[in-house]
Amino acid sequence: MTGSGPVEPGETFELAVTPDRYLPHRYAGASEDFNPIHVDEEYARGVGLPGNILHGLYTMGIAARAVMTAAGGDPRVLRRIAVQFRGFGVPEEEIVVRGSVRAADGAGIVADLAADQNGRPLIRGGEAVTRS
């Protein structure tokens, strides 16, 4: 799916992103979410995490980017996105978002979404709706 021409149910798309080690800190500033599990590595390890973890909304944001990119790059086409978080992401490891068009008509598409990091599910049961 590239955003150029008719889209058919069953078409798929994918986006791979590797967040750098400082992304949780930058995203904390942008989102004003300074939960220490995102910005304090010692604290995160102390509560049983492998280190700083990514914000869930960052992960949802790259799922939205995957849909927008597949639909031609215009962010205004995305009408709705919903996801079910299934795990946490970590910096410096590739995240792959996969989508499949479930329904398409002249008005837009409905796509199913999932995201994984090294075989670990981050998002399941995601759905995005676009308009043409």
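Not measured: the values here are computed from a predicted model.

Colleague: Would you mind showing me how to read the sheet that holds strand 5 (residues 120-130) here?
Modeller: Working definition: the strands of a sheet are paired by backbone hydrogen bonds and lie parallel or antiparallel to each other. Taken in spatial order, the five strands of this open sheet run 1-3-4-5-2, and their pairing is antiparallel. Both outer strands of the open sheet, strand 1 (12-17) and strand 2 (78-85), are each paired with one neighbouring strand and no more. Averaged over neighbouring strand pairs, the angle between their axes works out to 20 degrees when direction is ignored. Both strand 1 and strand 3 (residues 95-105) contribute to a ladder of six bridges, which runs antiparallel. For Val 17, the partnering residue across the bridge sits in strand 3 and is Ile 95.

Colleague: What is the right way to look at the environment of Leu 23 in this model?
Modeller: Within the element layout of this structure, Leu 23 appears in helix 1 (residues 23-31). In the structure, Leu 23 is positioned 67 residues away from Val 90 in sequence and 9.7 Å away in space, judged by C-alpha atoms.

Colleague: Can you help me understand the UniProt feature "domain: MaoC-like" (unreviewed entry) in the protein chain in this one?
Modeller: Listed under "domain: MaoC-like" (unreviewed entry) in the UniProt record, and renumbered for this structure, are residues 25-101. The span residues 25-101 is 42% helix and 19% strand, and its two end C-alpha atoms sit 34 Å from each other.

Colleague: For this particular structure, what's the right way to read the side chain of Thr 59?
Modeller: Assignment of secondary structure puts Thr 59 in helix 4 (residues 56-70). When sequence neighbours within four positions are dropped, the list of residues in contact with Thr 59 reads Leu 122 and Ile 123.

Calculation rules
- Along each chain, the written sequence defines residue order, and numbers are assigned to residues from 1.
- pLDDT decides what is reported in this predicted model: residues at 70 or higher carry local features, side-chain atom pairs at 80 or more are listed and counted, and totals for whole chains, interfaces and linings draw on all residues regardless.
- Where side-chain values are given, they derive from all heavy atoms of the structure, hydrogens and water being excluded.
- We call two strands paired when DSSP finds no fewer than two bridges between them.
- A run of H or I in DSSP counts as a helix once it spans at least four residues, and a run of E counts as a strand once it spans at least two, with each numbered from the N terminus.
- Angular values range over 0 to 180 degrees, each being the angle between N-to-C directions of two axes fitted as lines to C-alpha atoms, with helices fitted over their stretch in contact.
- UniProt positions are given in the numbering used here, feature names are shortened, and annotations may be inferred rather than shown by experiment.
- What makes two residues a contact is simply this: any of their non-hydrogen atoms within 4.5 Å.

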